[in-house]
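# Structural overview
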Amino acid sequence: MNIKLKKLLYLPHPRGFCAGVDRAINIVELSLDKYGPPIYVRHEIVHNPWVIKDLESKGVIFIENLKDAPEGSRVIFSAHGIPISVLNEAKNKEMPFIDATCPLVIKVHNEAKRLHKDGAHIFLIGHEGHPEVVGTMGQVPQDAITLIQNKEDIKKIDSNKYKKVALITQTTLSVDDTREITKEFKNIFSEIIIPPKEDICYATTNRQLAIKSIANDCDLIYVIGANNSSNSLRLVEVGKKSGCNQTYLISDVSEVDWKKIEKEQKIGLTAGASAPDILIQDFIDKMSQLYDVEIKNISVADENITFKIPRELNER
């Protein structure tokens, strides 16, 4: 009889789906129920391959440009947000659309528009090419906003060029890195306008706090998420910086290196805000088949936030 090796599995909470992701997926599924397939979604509704495949199997077609949807098609905008130009394009084409942009991203959009109206030049901390950044920068004229990706970008700024300046951020950044960049900005622009409440969303902040809470105790941590998921990539960075050099991103249990787990005793497992709970459970089930697993649940915050679904989807 083989005796299973004992392993400790640290499960930090919160992990996995956030309210904005939940709402976006709900919008797509309710649209399928109400209008029937096909439903076109501009960009991946959330960045997770499991979610995308599941929705495709139900009749969702993901596109990157509105011109790729047949005339008269119903379209949904992803949780990451869109530039005003895309919204106007949909209106001009008279396409029926539903905007599934996360309300916390919309808050940043509204900040950008208000700051521009007040005459401030806006600096946006974020990652070039990420759809959320493209959407936020597309809320104001191109020359009214500058993208800042790191401290090196700050050194290139000609401070004499601007009278009134303001700072906003992508919602899925590293809390610690953003704090450092903000500090650098304050050294250059003492009067810079900082958001009254941090732009980095509650879910990103909580998941980073959660992985920090286990990093020093773990020999190895797996983060379930997608390669194009900003918040998942940040979790890997935070895990490494917080004490666990062996922090890895996987899209699902098939990518786990069980030889690495064989060598280690204390394993951590978390998931980005767009990863469904089923992927966490798959990992736990597989690990439990191979080892005698003792689970340690660690909670750093309670999340009871929900966002309203568009009214038209609640009407029958």
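Now for a quick tour of the structure. (Residues numbered from 1 in each chain as written. Predicted model: local features only at pLDDT ≥ 70, side-chain atom pairs only at ≥ 80, totals over all residues. Heavy atoms only, no water.)

### Some points on the overall build of the chain
Assigned secondary structure in the chain consists of 12 helices and 12 strands. Radius of gyration (C-alpha) of the chain: 21 Å, near the 20 Å computed for a compact globule of 316 residues. Taken along the three principal axes of its C-alpha coordinates, the chain extends 70 × 55 × 30 Å. When contacts within the chain are restricted to residue pairs at least 6 apart in sequence, those whose partners lie at least 24 apart make up 75%. Approximately 15,500 Å² of the chain is accessible, and the part contributed by carbon and sulfur atoms is 48%. Taking the average location of the 41 positive side-chain charges in the chain and that of its 44 negative ones, the two points are 3 Å from each other. (Helix = DSSP H or I, 4+ residues; strand = E, 2+ residues; numbered from the N terminus. Rg over C-alpha atoms; globule rule 2.2 N^0.38 Å. Contact = heavy atoms within 4.5 Å. Areas by Shrake-Rupley, 256 points an atom, 1.4 Å probe, with all protein chains shown as cover. Lys, Arg positive; Asp, Glu negative; His and termini not counted. Charge placed at Lys NZ, Arg CZ, Asp CG, Glu CD.)

### Some details on helix H2 (residues 49-57)
Residues of H2 that are buried include every one of Val51, Ile52 and Leu55, and no others. What you see down the axis of H2 is that its buried residues fit within an arc of 100°, all on one side. With respect to the buried face of H2, the exposed residues turned more than 90 degrees away are Lys53 and Ser57. On the buried face of H2, the contacting elements are helix H1 (19-35) and strand S3 (60-63). N-cap assignment for H2: the residue whose side-chain oxygen lies 3.0 Å from the backbone N of Trp50 is Asn48. Positive phi appears at Gly59, one or two residues downstream of H2, with a value of about 110°. (Buried < 20%, exposed > 50% of the residue type's maximum accessible area, 1.4 Å probe, protein only. Arc of directions from axis to C-beta. Polar contact = N/O pair within 3.5 Å; in protein donor to acceptor, adjacent residues only side chain to side chain.)

### As for the side chain of Thr136
Examined against the element boundaries, Thr136 turns out to sit in helix H5 (residues 131-137). In this structure, Thr136 is in contact with Val108, His109, Leu124, Ile145 and Ile168, ignoring residues within four places of it in sequence.

### Observations concerning the pattern of salt bridges
Applying the stated criterion across every chain, the model contains 18 salt bridges. Among the ionic pairs, Lys151 bridges to Glu180, the shortest N-O distance being 3.7 Å. On the criterion of sequence distance, the pair formed by Lys151 in helix H6 (residues 151-155) and Glu180 in helix H7 (residues 175-188) is long-range, its members being 29 residues apart. Assessed through its relative accessible area of 33%, Glu180 is described here as partly exposed. In this structure, the salt-bridge partner of Lys241 is Asp177, at a minimum N-O distance of 2.9 Å. (Salt bridge = Lys/Arg side-chain N within 4 Å of Asp/Glu carboxyl O.)

### Quick look at the pairing of strand S1 (residues 6-13)
Most of S1 sits inside the fold, with 6 of its 8 residues counted as buried. Relative to strand S12 (residues 292-299), S1 runs parallel, the two being bridged by 8 bridges. When the bridges of S12 are listed, His13 appears paired with Ser299. Judged from the 3 bridges that link them, S1 and strand S11 (residues 266-271) form a sheet pairing that is parallel. Of the residues in S11, the one forming a bridge with Leu8 is Lys266. (Pairing = 2+ DSSP bridges.)

### A short note on the packing of helix H8 (residues 202-215) against helix H9 (residues 230-241)
At a minimum axis distance of 9 Å, the contact between H8 and H9 shows a crossing angle of 30°. Our classification of the angle between H8 and H9 gives roughly parallel. Classified by chirality, the crossing of H9 by H8 is right-handed. Contact with H8, carried on its side by Thr204, Arg207, Gln208, Ile211, Lys212 and Ala215, involves Asn231, Arg234, Leu235, Val238 and Gly239 of H9 and no other residues of that element. Across the contact of H8 with H9, the residue classes break down as 4 nonpolar, 4 polar and 3 charged. (Axes fitted to C-alpha atoms, helices over the stretch in contact; angles between N-to-C directions. Parallel < 35°, antiparallel > 145°, perpendicular 65-115°, else oblique. Left-handed = near helix turned anticlockwise from the far one by under 90°. Nonpolar A, V, L, I, M, F, W, Y, C, P; charged D, E, K, R; others polar.)

### Focus on the sheet that holds strand S2 (residues 39-42)
Taken in spatial order, the 4 strands of this open sheet run S3-S2-S4-S5, and their pairing is parallel. Looking along the sheet, the strands with just one partner apiece sit at the ends: S3 and strand S5 (97-99). Between one strand axis and the next, the sheet turns through 25° on average, direction left out of account. The pairing of strand S4 (residues 75-77) with S5 spans 3 bridges and is classified as parallel. Counted as the bridge partner of Ile76 is Ile98 from S5.

Keep in mind that these numbers describe shape and distance, not what the molecule does.
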